[in-house]
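Single-letter residue listing:
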Amino acid sequence: MCPKDSVIDDAFAAALYGDGDEGLDTGASLLAAAPGADAELRRRGEEYLRRAWRGGWQPADVVRLVRRDLEEPHVRLAAALILAETRGYAHLPPRWADQLADLDPGSEPARPRDRFSYATTHLQLYRLLLRLPPIEPVGPPPGETVPGPVEGEPRALTRIRALLAKAEATGYPEEAEALTAKAQELMARHSLDEALLAARTHAKDVPGACRVGVDAPYETAKAILLDSVAAANRCRAVWNEAFGFSTVVGFESDLEAVELLHTSLLVQGTAAMTKAEAGQRAAGRKRTKTFRQTFLLAYAHRIGARLARAGEHAVREAAEGSGGSAASLLPVLAARDVAVTDRVERMFPETTTTRVRGATDGEGWAHGTAAADRAHVAPRDRGPALP
């Protein structure tokens, strides 16, 4: 080992494993003075990302946590490192392409005017990466992915996307309600078609999983909203409050429906909350935080039952359309429910429920409930499961 390598190793040891900010400053000072440190900084960053992938993390998870715990330069650095590291794989796991597409290809952070700040930004990010614990994997890490057949998106999902986009864009609550209701009806019918096809062909279809970000503020209400959408689409959601995401378990077609509908309902709910809050402020109210929190809790509370009714209606229509009865579908759906529950219990052998607090604003509850009714949403009596 040459002296230069020894200095760089000492710098990383001091910064990543030393005592707090003092160790970080020592490491950054050594790296700032070491020739060739930039290449080693990049190499180690990609190595730490590979450790994260093997520990169950995915690009969106990492960026979300960096954005929450660090600052914008660290987010840009993380995005640049992820894009560089993932270029080396011939095939990527499902959903990774979409996550990478959300990263800005031009997000490479501008080099600070001094090398000390440059090294410090890298080392602060790397400390976070090294402290990531293993989490439940929702798919294989890159490098272990076997490419499957390339298929286009099912026509039903294309129609659902279009309906939800119109619901988010319209300024008329009644139109948004009708569009969202139609989207949920299509989701439910698409799920039933997939389930029946798998049963008839004896396809070896098994539940999968995906992670959905649950960001502050008002993350409890957002997690309940996701929990309600998941339940209505024959999935289960388990909230990891510490890391700001929920893991949704279900069959692939249902997972896609949950991601689409949850995103749309969150957009619609936030827009409705902002409008209602403006009216409250115009009337002289000042407690906007309490109003928002209660509004979103009421909005989430109203989701499940209404979506569940839409699902039940779809089951009846599917049975009538096939000339049978709803009872003929029950064994197929029950088998899929058992499979999802089994996957959840294997992934999360220990979960708990969280008590929902903060619904203390009567006006917020009334407005949130009304907005949920317009957006075609409904209630749950308990909080989401926690790992």
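Look up a bit, the structure's there.
Residues numbered from 1 in each chain as written. Predicted model: local features only at pLDDT ≥ 70, side-chain atom pairs only at ≥ 80, totals over all residues. Heavy atoms only, no water.

Caption draft 1: Representation of the packing of aromatic side chains within the structure. Following the criterion strictly, the structure yields five aromatic pairs and no others. Where Phe291 meets Phe295, the ring centres are 6.1 Å apart and the plane angle is 40°; that geometry is what we call tilted. Within this pair, Phe291 and its partner Phe295 are both found in helix H12 (residues 288-301), separated by four residues, close to a single helical turn. Cluster of aromatic residues (ring-pair linked, three or more members): Trp57, Phe243 and Phe245. The side chain of Arg211 reaches across the aromatic face of Phe245, ending 5.2 Å from its centre. (Phe/Tyr/Trp six-rings, centres within 6.5 Å; stacked < 30°, edge-to-face > 60°. Helix = DSSP H or I, 4+ residues; strand = E, 2+ residues; numbered from the N terminus. Lys NZ or Arg CZ within 6 Å of the ring centre and 35° of its normal.)

Caption draft 2: Structural detail: the environment of Thr170. Note that Thr170 resides in the loop between helix H8 (155-169) and helix H9 (173-201). Sequence separation between Thr170 and Gln268 is 98 residues, and the spatial gap between their C-alpha atoms is 9.9 Å. Thr170 has contacts with Glu175 and Ala176, leaving out every residue within four places of it along the chain. In terms of polar contacts, Thr170 uses its side chain to reach the side chain of Glu175, at 2.6 Å. (Contact = heavy atoms within 4.5 Å. Polar contact = N/O pair within 3.5 Å; in protein donor to acceptor, adjacent residues only side chain to side chain.)

Caption draft 3: Spatial organisation of the pattern of salt bridges. All chains considered together, the criterion is met by 17 salt bridges. The shortest N-O distance in the salt bridge between Asp38 and Arg115 comes to 3.3 Å. On the criterion of sequence distance, the pair formed by Asp38 in helix H3 (residues 37-54) and Arg115 in helix H7 (residues 115-130) is long-range, its members being 77 residues apart. Of the residues examined, Arg115 reaches a relative accessible area of 32% and is grouped as partly exposed. Here the residues in one salt-bridge network are Asp9, Glu40, Arg43, Arg44, Glu47 and Arg51, joined through shared partners. (Salt bridge = Lys/Arg side-chain N within 4 Å of Asp/Glu carboxyl O. Buried < 20%, exposed > 50% of the residue type's maximum accessible area, 1.4 Å probe, protein only.)

Caption draft 4: Structural context of the packing of H8 against helix H11 (residues 252-282). Where H8 contacts H11, the axes come no closer than 9 Å and their chain directions differ by 5°. Between H8 and H11, the crossing angle belongs to the class labelled roughly parallel. Only Glu256, Leu260, Leu261, Ser264, Val267 and Gln268 of H11 make contact with H8, whose side of the interface consists of Leu157, Ile160, Arg161, Leu164, Ala167 and Glu168. For the contact of H8 with H11, the class distribution of residues is seven nonpolar, two polar and three charged. (Axes fitted to C-alpha atoms, helices over the stretch in contact; angles between N-to-C directions. Parallel < 35°, antiparallel > 145°, perpendicular 65-115°, else oblique. Nonpolar A, V, L, I, M, F, W, Y, C, P; charged D, E, K, R; others polar.)

Caption draft 5: Looking closely at the nonpolar core. Ile160, Val248, Leu265 and Phe295 are the most contacted members of the largest nonpolar core, which has 43 residues in total. Among the secondary structure elements, those contributing two or more residues to this core are H8, H9, strand E1 (208-213), helix H10 (219-232), strand E2 (236-240), H11, H12 and helix H13 (303-321). Setting aside residues no more than four positions away along its own chain, Ile160 makes contact with Ala183, Leu186, Met187 and Leu260. In this structure, Ile8, Phe12, Ala34 and Tyr118 belong to the second largest nonpolar core, which totals 41 residues. (Core = buried A, V, L, I, M, F, W, Y, C linked by side-chain atoms within 4.5 Å.)

Caption draft 6: Quick look at the side chain of Arg64. Structurally, Arg64 can be placed in helix H4 (residues 59-69). Note on Arg64: relative accessible area 15%, which makes it buried. When near neighbours in sequence (up to four residues on either side) are disregarded, Arg64 contacts Val212, Gly213, Asp215, Gly244 and Phe245.

Caption draft 7: Structural view of H11. Helix length check: H11 (31 residues) gives 45 Å between terminal C-alpha atoms against 45 Å at 1.5 Å per residue, within 8%. Backbone geometry just downstream of H11 places Gly284 in the positive-phi region, at approximately 100°. (Expected span 1.5 Å × (residues − 1).)

Caption draft 8: The pairing of strand E3 (residues 245-250), seen in detail. Of all six residues in E3, six are buried; the element is thus mostly enclosed. Taken together, the six bridges between E1 and E3 define a ladder with antiparallel strand orientation. Bridged to Gly208 within E3 is Gly250. Bridging between E2 and E3 involves five bridges; their strand directions are antiparallel. Each bridged residue has a counterpart across the sheet, and for Asn240 the counterpart in E3 is Phe245. Counted along the chain from E2 to the antiparallel partner E3, the turn is four residues long, and its residue Gly244 has a positive phi close to 70°. (Pairing = 2+ DSSP bridges.)

Everything listed here is a matter of coordinates, which is why it stays silent on function.
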